[in-house]
Amino acid sequence: MQSGSVADKVNEIAEQAAIDHGVELVHAELAGPEGHPIVRVFIDKPGGVTHNDCSGVSTQIGTVLDVEDFIHSAYTLEVSSPGIERGLYKLADYERFAGSQAKLKTRPAINNQRNFRGQIIGVENQDVVFEDQTSGRLSIPFADIAKANLEVDVEEEFRKAREHEATDRDLIKQNR
């Protein structure tokens, strides 16, 4: 249900609410059926967002949506963190997360492939430079990316956590 002008207004309102609350607007979207749309807003900040961040942004967006009344049916408003496997929506996201693992899906096939998994290398002009596990290094036009998100290697994260715990235990033993 991504009606252009309504979606643009929702995005403007969400952007202002994010600025006012000192968080980053990751993405805002209008989804769901015509009769009961869902306004989804994803926010973030260094160290992650809190319940209070989400609540404050939600209250501001809800108030403005109710006053401006351009969504002509009951709607559901959801404000949350983008999660650890956050979506990548802007070219700046690919610059920011260079070196990170990600999954990408392109609209047209590139070398007979539409799904890619690997590492974001960076951005050159309007292309995302990506090291795919199957195809190697590619330049993917940003405009051709249908969907993308970071990909967290859970086993690697657990391994790092175990290393940190071992280091902490050693430091505690040394300080006794």
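Everything that follows concerns the structure shown earlier in this document.
This text gives an overview of the structure that appears in the document.

**Overview of the nonpolar core**
Core analysis: the largest hydrophobic core is formed by 21 residues, its most contacted members being Val10, Val41, Ile43, Ile61, Leu65 and Ile71. In this structure, isoleucine 43 is in contact with Val23, Glu24, Val26, Val49, Asp53, Cys54, Val57, Val79, Ser80, Ser81 and Pro82, ignoring residues within four places of it in sequence. Leu88, Phe97, Ile120 and Leu138 belong to the second largest nonpolar core, which has 16 residues in total.

**Regarding the sheet that holds strand S1 (residues 24-31)**
As summarised here, the arrangement of the three strands in space is S1-S2-S3, forming an open sheet in which the pairing is mixed. Strands at the two margins of the open sheet, each flanked by one partner only, are S1 and strand S3 (76-80). The mean inter-strand angle of the sheet, taken between neighbouring strand axes irrespective of direction, is 15 degrees. With seven bridges connecting them, S1 and strand S2 (residues 38-44) associate as antiparallel partners. Among the inter-strand pairings, glutamate 24 is bridged to a residue of S2, identified as aspartate 44. Across the face of the sheet, helix H2 (residues 51-68) comes into contact with S2 and S3 while running at roughly 150 degrees to S3.

**Brief notes about the environment of asparagine 125**
Residue placement: asparagine 125 occurs in the loop between strand S5 (113-124) and strand S6 (127-132). On the basis of relative accessibility, which here comes to 72%, the residue asparagine 125 falls in the exposed class. Residues asparagine 125 and phenylalanine 142 lie 17 residues apart in sequence; the distance between their C-alpha atoms is 9.4 Å.

Scoring rules and cut-offs
- Residues numbered from 1 in each chain as written.
- Predicted model: local features only at pLDDT ≥ 70, side-chain atom pairs only at ≥ 80, totals over all residues.
- Heavy atoms only, no water.
- Core = buried A, V, L, I, M, F, W, Y, C linked by side-chain atoms within 4.5 Å.
- Buried < 20%, exposed > 50% of the residue type's maximum accessible area, 1.4 Å probe, protein only.
- Contact = heavy atoms within 4.5 Å.
- Pairing = 2+ DSSP bridges.
- Helix = DSSP H or I, 4+ residues; strand = E, 2+ residues; numbered from the N terminus.
- Axes fitted to C-alpha atoms, helices over the stretch in contact; angles between N-to-C directions.

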